[in-house]
Every structure is written in C-alpha cells, then in structure tokens.
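Coordinate inspection notes
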Amino acid sequence: MKTLVAALVMSASVAAHAATPDPIVSGRDYHSYAEPTAFRVKHLDLDLQTSFEEKRLSGVADLTVARIDANVTTLKLDTRDLTIRRIWWMRGATDLVPLRYTLGARDAMLGSPLSIDLPAEGLTPEFRIRISYQTRPEASGLQWVAAPLTANKTDPFLFTQSQAIHARSWIPLQDSPQVRMTYSATIHVPPGMRAVMSAQPIGNDAGGLKADGIYKFDMPQAIPSYLIALGVGKLEFRATGPRTGVYAESALVDAAAKEFAETEQMIQASEKMFGPYRWGRYDLLILPPSFPFGGMENPRLSFITPTVIAGDRSLTALIAHELAHSWSGNLVTNATWRDLWLNEGFTVFLQGRIMLAVYGQRREDMEEMLDLMTLRQEIATLPPSDQVLAIDLRGRDPDDVFTQVPYIKGALFISWLASRFGTEQVDKFLHDYFDKFAFQSISTEDFRAYLEANLLPQKPDAVKRAELDEWMQAPGLPKSAVLPHSDAFERVDAARTAFLGGKTTAADLPGKDWTTHEWVHFLDGLTGKVPAAKLAELDAAFALTAVGNSEIAFSWLRIAIRNEYQPAYPRLESYLTTIGRRKLIKPLYEDLMKTPAGAARARAIYVRARPNYHPIAVASLDGIVLAPAR
Ligand code: BES
Ligand code: ZN
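The structure presented is a predicted model; accordingly, all values stated were derived computationally and were not measured. (Residues numbered from 1 in each chain as written. Chains lettered and ligands numbered in written order. Predicted model: local features only at pLDDT ≥ 70, side-chain atom pairs only at ≥ 80, totals over all residues. Heavy atoms only, no water.)

What about the overall build of the protein?
Keep this limit in mind: Here a helix means four or more residues in a row that DSSP labels H or I, a strand means two or more in a row labelled E, and each is numbered from the N terminus. Atoms considered for the radius of gyration are the C-alpha atoms alone. The globule rule reads 2.2 Å times the number of residues to the power 0.38. With a 1.4 Å probe rolled over the protein chains alone, any residue whose accessible area is under 20% of its type maximum counts as buried; one over 50% counts as exposed, and the rest are partly exposed. Note on contacts: a residue pair qualifies if any of its non-hydrogen atoms lie within 4.5 Å across the two residues. Note on areas: Shrake-Rupley with a 1.4 Å probe; residue coverage comes only from the protein chains shown. As used throughout, the charge tally considers Lys and Arg to be positive and Asp and Glu to be negative, leaving His and the chain termini uncounted. Taken as the charge centre is NZ of Lys, CZ of Arg, CG of Asp or CD of Glu, depending on the residue.
Check the secondary structure of the protein and you find 18 helices and 24 strands. At 25 Å, the protein has a C-alpha radius of gyration in line with the 25 Å of a compact globule built from 630 residues. C-alpha extents for the protein along the principal axes are approximately 85 × 65 × 55 Å. Considering the protein as a whole, with its 630 residues, one finds that 59% of them fall into the buried category. Partitioning the contacts of the protein with sequence separation of at least 6, the portion at a separation of at least 24 is 71%. Of the accessible surface of the protein, which amounts to about 24400 Å², a share of 54% is contributed by carbon and sulfur atoms. Separation of charge centres in the protein, based on 67 positive and 72 negative side chains, amounts to 2 Å.

As structure tokens, this is what we get:
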C-alpha cells in the first residue's frame, strides 16, 4: 500500500456528502483504529480452546510486530467485545514482561481500540507481544450453530466470518485490509470434531480425525485479517481432484463433492488466463444454512452456503466467484472498504470468464442477464452517492452498504474495457496486474494510475477520458456499458407473454426443459399482480411451492408474497426459518413489510427465526422487520 499520502480524491459524489465535507484520503482506512504507519503486525500465532457450552474461544494471540515509527510507544489494535485478560511483551525466547493497556470506549460500529503501552527500553525493530483473551457469546464474527440446525443434527458447528470488520471480534489485531500477516494456529476442539482454517493443516491429513482434538495450521502467505477463518464441526472430507476437495457434514459430503466436481476445471481455466493459482490447495467448506453469505473466499478454503447444492450444478457460479478471489482480492487486495469494487467487481468479471470457459456462452449470457436485472433494480433504490464504484463509507458500517454496485457495475466496467481494448488484451492486462500487485493492498487511485500507464497507451483512442471518469466516478450505469443478451431468455419472455395472455396453459409451457436460470427469469418477469388462478395453475404443473432449488423458490416466494398466494405461506415460513443467507431472506422480509398483513406475518416468523440467524443477518434485518410500524 503506497498511497496513504497520495491524491486527495474530490469528485462530485463526495462533495455531495454535506455532513462529512472533508475530502476522502485515498488509501486511508476509516474502519480501523490501528495505525499502520506506526506499527505493522507481521505474524499472528493463535492458540485457542473451543467451548461450545460457553460459546467461547479462549487462549492467546502472539503478535509479531514491526516498528515503523520509533517515536510511537503505544500500539493500537482493534477489538470488539473481547475480554482481554493479560498482555505481555515476549522478551527473548522465554521472558514474559507484563504490559499495561487500556481498552477504549466501545463504538457501535468499530468496537474498542486496545492501546498497549510498550516498554521504554529494549524493544527491537520486530518484537512480540502475547495477548491472553477470550471472546463473548455474541461475537459478531462467530456463529455457534446448535446441533438441530446443522445437516446431521447431531453436533454443533462453529464458523467465523471476518469480512469486513469482524475479525476483531475474535482476534485482537490490526483489522485493516492493508495490513498483511502470515499466521499459525493451534485449535483445541471437542473429541470427534474437526477444525479447519484458511491455512495449511499441519500434521493431520484430510482423511483422519485427531484423537486429542488438537489441530495445527500454518499460513505461509501474508494475508489481510479479513481472510483469517476457522470452522469447527463434525466434518468429513471428499477429494474432488488432486488439489481440490470438500469438507462437509456426512449428510452432505457426497452431494457436495458431486455438485462441485468441476472445481479443478475452473482452476485450470483461470490459471490459463490470469496466471498460476498460488495458494496450494483449493478446498470448500460447506456451512450450515444460517451462513449469511453465498460464499466467502477464505484462502485455500472457501466457505460455502449449502443453498447452492441444487443437485444439477446450476448454481456453481458461486464457486467460480470465490475461486476467482484467489487472484482478485486475496492476491491483490482492496486497501480500504471503499475500494471493495477492486475485489468484487474484478471477481465478478473473472467469474464470468471462468464460467464461459467451463460451461459455454449460453449459460454465461443468462447469468450476466440475471446479474444485470438485480443491478438495475438495486440502482433504482439507491441514492446517487451509493451508485458509484468507490463508495464513501466514512461513518458507515460496511455491512449496511453491501450492494450490487461494486459487484456488477464493477464487472461491467471491466467488460467495457474489454469491448474497447479486446478481451485477450484485458485478460493479459489483468494477468500482469495480479503479478505486479501480488500480496499487496491497493486503492482505487492506485488502480487508475496502473490502468493509465499500462492499458490505455495500448490503444490511445479507444476510450475518452470523460467516459473513464463517468465509469469511475459518476452514479448510475454509463450509457457506454456493453449489456449482455440472451436468446434463451427471449424465448422465456415469449412463453411468459403467451401464458399471461391466455394463449398457453401452464402445462404447455416448456418448463420441464428449463434450467434454473430460465425458471428464475420466467418468474422474475411475472411482475405486478398475477391472478391467483394463474399461480395455482403454475403450481399444479410444476410444484413450485415445493421446489428445492433455493433460487427458484426465492423468486416464487416473492411472487407469492406480492399476490398473497396463501398456499405458499407454509413454505415461506419454512424457508425463512431454515435459511439465513442474507441475499435470499432480506428481500422476502422487505416484500412482506409492504402491507400490514404481511408485516404481521413477517414479525411472527422473525421472532421464531431470529435466534438462529447469524449476527450479521440480524443486524440488517432488525432495522427492516422490527422498525416501528409506519
Ligand atoms: N467476499 C464476498 C462476501 C462479502 C463481501 C462479505 C463483503 C462481507 C463483506 C464473497 O466473495 C461474495 O461476494 N459472495 C457473494 C457471491 C456471489 C456474488 C456469487 C454472496 O455471498 O452472495
Ligand atoms: Zn466476492
């Protein structure tokens, strides 16, 4: 990260924030108390006990810290809801010198800064400190899933979610994406359970359990804190290739291995375009359905929602996405959460390149069309200042500003560059960009400088400066965007029109031949009011209320809510009480809240579902469902 003092970024969108008139400092992380100009954590060594009874991790974190500014004598770390027991300076190999520290006031968004007074004498340029601590049951980055809510229903499950600023709720550290560290860990788990991490397992092969419940890990590549991850459960492993496999509970492991058997093909497709996969193995961990995201790109081990195990490999774009982060995000990392589009927009672009290579044009066109629809719908609801690629997040919780803009608009920006410079040239440009910034964190302005120096000169007239500025600074979708097109969806549109106009019955629709994508497009196009008889007809022909595919069910349930289609209500309730993936449940609650009867239904379901949702999902849903009635 090299731009802390570089360009001040002033654009129309920033100026619009009257409440925070100061210009944004490119590369400054407004979501961390750490001061990376004074100190940098280089290595983390964890030794943690896992208590499911107490919902608590406890133990020690040893930090190896490089001193950058010798005048600063207080080391500031990020924490949230941690209980700090003691802190020592580790002098020499065995000497523990107690240190004084203060835990600052708790900020609702950022947590509490931990300020550690360093010894006045004897500190080496790289020194070590030991922090003895424990987590609290309500830690925002941990979910302690009770046995009945897992696939096997026999054992509990623990998983972490550190992105964006939740690592601090389970490890005291510099919780900023511009601080990279290597890590090692010893995790103690109850007998019969297995621990997995975003790291290389040491001394235990994937096949066997450790009788003593002690699992060791080493992560030799320096990563930002948001990629530190832990899962503990009754996990089995199935290999799907020489460097790929899945960890899951026994009830799911075979289905998951079958669903994701094409992972190695995806890696090879990506390597061909973007350079070698640099992380050794690529495994998947299948989480309980309360995981609040679709996937999380924890290095070497992506965390995956079970809701994409559809049985027909139709939702594997999620795997391509998390895998693609091995280049965009994990190798070249956003310097701050304002720069998230460098992670997510690039990743959606890479995901598309991988999906095209593995599954072909027809499927890729459909997936891009579905993405574009969600982007359009979302843009319609957002203030202009949140429709820009690099969103001003000062004073805001990144979890609350999670939208499709950095994802889909970001990917459309790269696609637009490809349309002007050629796809092969842009692939090559990205390949070199990943090489150049490998294991570094960069800002939007760093990227722009690299783009101007390395891609634009290849064809000086290919893009106008005003066009580039529009993409990188203006709200909305630029007119120059190159939009996807799908013939398959046009046929679906025609079928829908015929059905709504009474020219075809539901039974005569070609639905039996439709893929997940075609079904989702068909249903999402049933906007406005649809007569109950038509819905009943569709339901009778295709058993939509009972459909297992989580995405088709989602689209169907939105229609059911809008049209008060009562036969689907029990399914709506079971969906909302078993799935905790935010993308699939938040819109359903929002739809319900639009009418008084729906709001009552939403509240009744939410009261039952809430205890089982992840803290990140609860934080977004409370404001929607529990907000005072208007
Ligand atoms: N890294 C994200 C998830 C994330 C982003 C968590 C920001 C917290 C803050 C992950 O790679 C992701 O984008 N997941 C998507 C996948 C989809 C776009 C294919 C999801 O969970 O829906
Ligand atoms: Zn992502």
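That shown, we press on.
Looking at the site of ligand 1
We apply this condition: It suffices for a single heavy atom of a residue to lie within 4 Å of a molecule or strand for the residue to be listed as near it. What qualifies as a polar contact is a pair of N or O atoms within 3.5 Å, subject to a donor-acceptor requirement within protein and to the restriction that residues adjacent in sequence count only when both atoms come from side chains. Residue polarity follows a fixed list, in which Ala, Val, Leu, Ile, Met, Phe, Trp, Tyr, Cys and Pro are nonpolar, Asp, Glu, Lys and Arg are charged, and the others, Gly among them, are polar.
Taken together, the neighbourhood of ligand 1 is formed by 14 residues, with Gln163, Gly294, Glu297, Glu322 and Tyr407 sitting nearest. Residue Gln163 places a side-chain N or O atom 2.7 Å away from a nitrogen atom belonging to ligand 1. Coverage of ligand 1 by the protein amounts to 89% of the 520 Å² it exposes when considered alone. Those elements that place two or more of their residues in the shell around ligand 1 are strand 21 (295-296) and helix 4 (317-324). Residue contributions to the shell around ligand 1 peak at 3 residues, all from helix 4. Partitioned by chemical class, the residues of the shell around ligand 1 number 5 nonpolar, 6 polar and 3 charged.

Details of the pairing of strand 17 (residues 230-233)
Note the cut-off: At least two bridges found by DSSP between two strands are what make those strands a pair.
Burial along strand 17 is two-sided: Leu230 and Val232 facing one way and Gly231 and Gly233 facing the other are all buried. Here 2 bridges tie strand 12 (residues 157-160) to strand 17, and the two strands are oriented antiparallel to one another. Bridge pairing in strand 17 places Phe159 opposite Gly231. As judged from the 4 bridges shared by strand 14 (residues 194-197) and strand 17, these two strands associate in the antiparallel manner.

Side note on the sheet that holds strand 6 (residues 83-91)
We apply this condition: Every angle, taken between N-to-C directions, lies between 0 and 180 degrees, and every axis is a line fitted to C-alpha atoms, over only the stretch in contact when it is a helix.
Here 8 strands make up an open sheet; going across it, the order is 7-6-10-4-3-13-16-15 and the pairing mixed. A strand with exactly one partner marks an edge of an open sheet, and here the two such strands are strand 7 (95-98) and strand 15 (200-202). When the angles between neighbouring strand axes are averaged without regard to direction, this sheet yields 25°. Examined bridge by bridge, strand 3 (residues 39-51) and strand 13 (residues 180-188) share 7 bridges and lie parallel to one another.

Here's the deal with the coordination of the zinc ion (ligand 2)
The condition that has to hold: Counted as donors are the N, O and S atoms within 2.8 Å of the metal, or 3.2 Å for Na, K and Ca, while water is not among the atoms, so some sites may look incomplete.
His321 (NE2), His325 (NE2) and Glu344 (OE) make up the full set of protein donors to the zinc ion (ligand 2), lying at 1.9 to 2.1 Å. We note that the donor set of the zinc ion (ligand 2) lies within a single chain, spaced as H-x3-H-x18-E. Of this pair, His321 sits in helix 4 while Glu344 sits in helix 5 (residues 340-359), placing them 23 residues apart in sequence. Per residue, the accessibility class of His321 equals that of Glu344, and both read buried.

A short note on empty space enclosed by the protein
Here is the rule we go by: We place a 1 Å grid over just the protein atoms. Points where a 1.4 Å probe fits but has no way out form a cavity, open points with protein on both sides within 12 Å along at least 5 of 7 lines form a pocket, and any residue with an atom within 4 Å of a point lines it. Grid points are joined across faces, edges and corners, and a volume is the space filled by probe spheres set on the points.
Under the defined criterion, the tally for this structure stands at 3 cavities of 30 Å³ or more. Taken as a whole, the largest cavity encloses approximately 80 Å³ of empty space. Lining of the largest cavity is provided by 14 residues; of these, Ile24, Arg28, Tyr30, Thr336 and Arg338 occupy positions nearest its centre.

Re the pattern of salt bridges
Here is the rule: Every case where a carboxyl oxygen of Asp or Glu lies within 4 Å of a side-chain nitrogen of Lys or Arg is listed as a salt bridge.
If you walk through the whole model with that rule in mind, you get 34 salt bridges. Between Glu590 and Lys586 there is a salt bridge; the shortest N-O distance is 3.7 Å. Taken together, the residues span about one helical turn, with Glu590 and Lys586 both in helix 16 (residues 582-592) at a distance of 4 residues. Here Asp622 makes a salt bridge to Arg610, at a shortest N to O gap of 2.7 Å.

A closer look at the nonpolar core
Put simply, the rule reads: As used in this record, nonpolar core signifies buried Ala, Val, Leu, Ile, Met, Phe, Trp, Tyr and Cys residues forming a set joined through side-chain atoms within 4.5 Å.
Judged by nonpolar contacts, the single largest core of 152 residues is most densely connected at Phe413, Leu430, Tyr433 and Phe447. Of all the elements, helix 7 (residues 405-421) adds the most residues to this core, at 11 residues. Contacts of Phe413, omitting those with residues within four sequence positions, involve Trp341, Leu389, Phe447, Leu451, Leu468, Trp471 and Met472. Met366, Leu370, Leu572 and Leu576 belong to the second-largest nonpolar core, a separate cluster that totals 51 residues.

Topic: the packing of aromatic side chains
Note the following rule: In this analysis, rings of Phe, Tyr and Trp, with Trp reduced to its six-membered ring, are considered paired at centre separations within 6.5 Å, and the interplanar angle assigns stacked below 30 degrees, edge-to-face beyond 60, and tilted for intermediate values. Charge-over-ring placement is defined geometrically: NZ (Lys) or CZ (Arg) within 6 Å of the ring centre, and within 35 degrees of the ring normal.
Applying the stated criterion to the full structure yields 37 aromatic pairs. Aromatic side chains Phe429 and Tyr433 sit 6.4 Å apart centroid to centroid with 15° between the ring planes, which places their arrangement in the stacked category. Linking Phe429 with Tyr433, this pair stays in helix 8 (residues 423-436), spanning 4 residues, or about one helical turn. When sorted by exposure, Phe429 lands in the same class as Tyr433, which is buried. By way of ring pairs, the aromatic residues Phe274, Trp341, Phe346, Phe413, Trp416, Phe429, Tyr433, Phe434, Phe437, Phe447, Tyr450 and Trp471 are connected into one cluster. Above the face of the Tyr30 ring, Arg394 is positioned so that its terminal group lies 5.7 Å from the ring centre.

Some remarks on the confidence of the model for the protein
Let me state the cut-off plainly: The predictor attaches a confidence to each residue, called pLDDT, with possible values from 0 through 100.
Of all residues in the protein, 96% attain a pLDDT of 70 or more, and the chain-wide mean is 95. Taken as a whole, residues 1-17 scores under 50 in pLDDT and shows 35 contacts with residues more than four places along the chain or in a different chain.

With respect to helix 2 (residues 250-259)
Note the following rule: As used here, the arc belongs to the directions running from the helix axis to the C-beta atoms.
Among all positions in helix 2, only Val253, Ala256, Ala257 and Glu259 are buried. End-on, the buried residues of helix 2 take up no more than an arc of 155°, which puts them together on one face. Exposed and oriented more than 90 degrees from the buried face of helix 2 are Ala251 and Lys258. Contacts from the buried residues of helix 2 go to strand 18 (236-239), strand 19 (244-248) and strand 20 (282-286).

Some remarks on the packing of helix 16 against helix 18 (residues 615-625)
Rules: For this classification, under 35 degrees means roughly parallel, over 145 means roughly antiparallel, 65 to 115 means roughly perpendicular, and everything else is oblique.
At a minimum axis separation of 10 Å, helix 16 and helix 18 run at an interaxial angle of 10°. Here helix 16 is positioned roughly parallel relative to helix 18, judged by the angle of their axes. Contact with helix 16, carried on its side by Arg582, Ile585, Lys586, Tyr589 and Glu590, involves Ile616, Ala617, Ser620, Leu621, Ile624 and Val625 of helix 18 and no other residues of that element. Of the residues belonging to the contact of helix 16 with helix 18, the class tally is 7 nonpolar, 1 polar and 3 charged.

Notes on the sheet that holds strand 5 (residues 74-79)
Taken in spatial order, the 3 strands line up as 5-9-8 in an open sheet, and their pairing is antiparallel. Each edge of the open sheet carries a strand with a single partner, namely strand 5 and strand 8 (101-103). Neighbouring strand axes in the sheet, compared pairwise and without regard to direction, differ in orientation by 15° on average. Where strand 5 meets strand 9 (residues 112-117), 6 bridges bridge the pair, whose relative direction is antiparallel. Across the sheet, Leu75 pairs through a bridge with Ile116, a residue of strand 9.

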